[in-house]
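Secondary and tertiary structure notes
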Amino acid sequence: MKLMTAQEIRSEVKAITAAVKRHEWTPEVFKRTEAILYYPGGDIFNTLRRELLPEEYEAFDRAYCNYFRPDLTDLTDWISRKRKEEAWRQKKAEILKQKQRSLRKESELLEQKEKHLQKQRQNLQQSKND
């Protein structure tokens, strides 16, 4: 393995990132991606997470893993499904909390309105009695 300078590492990270963004997921790109990991500053996966949409990153990561470990495809698919299910459960829980807060506020407003109406009725009744 040839030693690379910091500038060469940055250039290689940029080149790999550009290839991945163009969806050029070839064996050569996978091998270059793996090779850059051994250099300080070769944090290609963090760079890709920042540069790609989450769906693009997930697709590349899956293709990369499948290139080196095709026997893990089913496991990768299962993990992806579980992550999506968990994200949906969390989203549903947040929506439910928002609805509950909204209903509580609405209930409080209705109570205040009811108290105000009772007070008005009492005042009206009292003014009739006077």
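Everything that follows concerns the structure shown earlier in this document.
Residues numbered from 1 in each chain as written. Predicted model: local features only at pLDDT ≥ 70, side-chain atom pairs only at ≥ 80, totals over all residues. Heavy atoms only, no water.

1. A look at the overall build of the protein
- Helices and strands together make up the secondary structure of the protein, namely 5 helices and 0 strands.
- Element order for the protein, N to C, with α for helix and β for strand: α-α-α-α-α.
- Taken over the C-alpha trace, the protein has a radius of gyration of 30 Å; the compact-globule value for 130 residues is 14 Å, which it surpasses by more than 25%.
- For the protein, the spread of C-alpha atoms along the three principal axes comes to 100 × 35 × 25 Å.
- Looking at the 130 residues of the protein, the share that counts as buried comes to 18%.
- For the protein, restricting intrachain contacts to residue pairs at least 6 apart in sequence, the fraction spanning at least 24 positions comes to 59%.
- Total accessible area on the protein is roughly 10,500 Å²; 55% of this is exposed by carbon and sulfur atoms.
- A gap of 5 Å separates the mean positions of the 28 positive and 22 negative side-chain charges of the protein. (Helix = DSSP H or I, 4+ residues; strand = E, 2+ residues; numbered from the N terminus. Rg over C-alpha atoms; globule rule 2.2 N^0.38 Å. Buried < 20%, exposed > 50% of the residue type's maximum accessible area, 1.4 Å probe, protein only. Contact = heavy atoms within 4.5 Å. Areas by Shrake-Rupley, 256 points an atom, 1.4 Å probe, with all protein chains shown as cover. Lys, Arg positive; Asp, Glu negative; His and termini not counted. Charge placed at Lys NZ, Arg CZ, Asp CG, Glu CD.)

2. Overview of the environment of F68
- Its place among the elements puts F68 in helix α4 (residues 54-68).
- Here the alpha-carbon distance between F68 and S127, two residues 59 residues apart in the chain, equals 87 Å.
- Excluding its chain neighbours within four sequence positions, the residues that come into contact with F68 are F30, K31 and E34.

3. Section: the packing of helix α3 (residues 44-51) against α4
- Packing of α3 against α4 brings their axes to within 9 Å, and their N-to-C directions diverge by 150°. Of α4, the residues touching α3 (which contributes F45, L48 and R49) are Y57, F60, D61 and Y64.
- Across the contact of α3 with α4, the residue classes break down as 5 nonpolar, no polar and 2 charged. (Axes fitted to C-alpha atoms, helices over the stretch in contact; angles between N-to-C directions. Nonpolar A, V, L, I, M, F, W, Y, C, P; charged D, E, K, R; others polar.)

4. Some points on helix α2 (residues 27-36)
- Among all positions of α2, only V29, F30, T33 and I36 are buried. Down the axis, α2 shows its buried residues gathered within 135° of arc, on one side only.
- Looking at the buried positions of α2, the neighbouring elements they touch are α1 (6-21), α3 and α4. (Arc of directions from axis to C-beta.)

5. Let's talk about the packing of α4 against helix α5 (residues 73-129)
- Viewed as axis vectors pointing N to C, α4 and α5 meet at an angle of 160°, and their least axial separation amounts to 10 Å. One finds that α4 runs roughly antiparallel with respect to α5. Viewed along their axes, α4 and α5 form a crossing whose handedness is right-handed. Contacts from E58, R62 and N66 of α4 reach α5 at T73, T76, D77, S80 and K84. (Parallel < 35°, antiparallel > 145°, perpendicular 65-115°, else oblique. Left-handed = near helix turned anticlockwise from the far one by under 90°.)

6. Regarding the pattern of salt bridges
- Summed over the entire model, instances satisfying the criterion amount to 9 salt bridges.
- Measuring nitrogen to oxygen at the nearest pair gives 2.8 Å for the salt bridge that ties E51 to K21. With E51 in helix α3 and K21 in helix α1, this residue pair connects regions lying 30 residues apart in the sequence.
- Taking the shortest distance from any N to any O, the salt bridge between E86 and R89 comes out at 3.3 Å. Highlighted residues: E86 and R89, both in helix α5, separated by 3 residues, approximately one helical turn. (Salt bridge = Lys/Arg side-chain N within 4 Å of Asp/Glu carboxyl O.)

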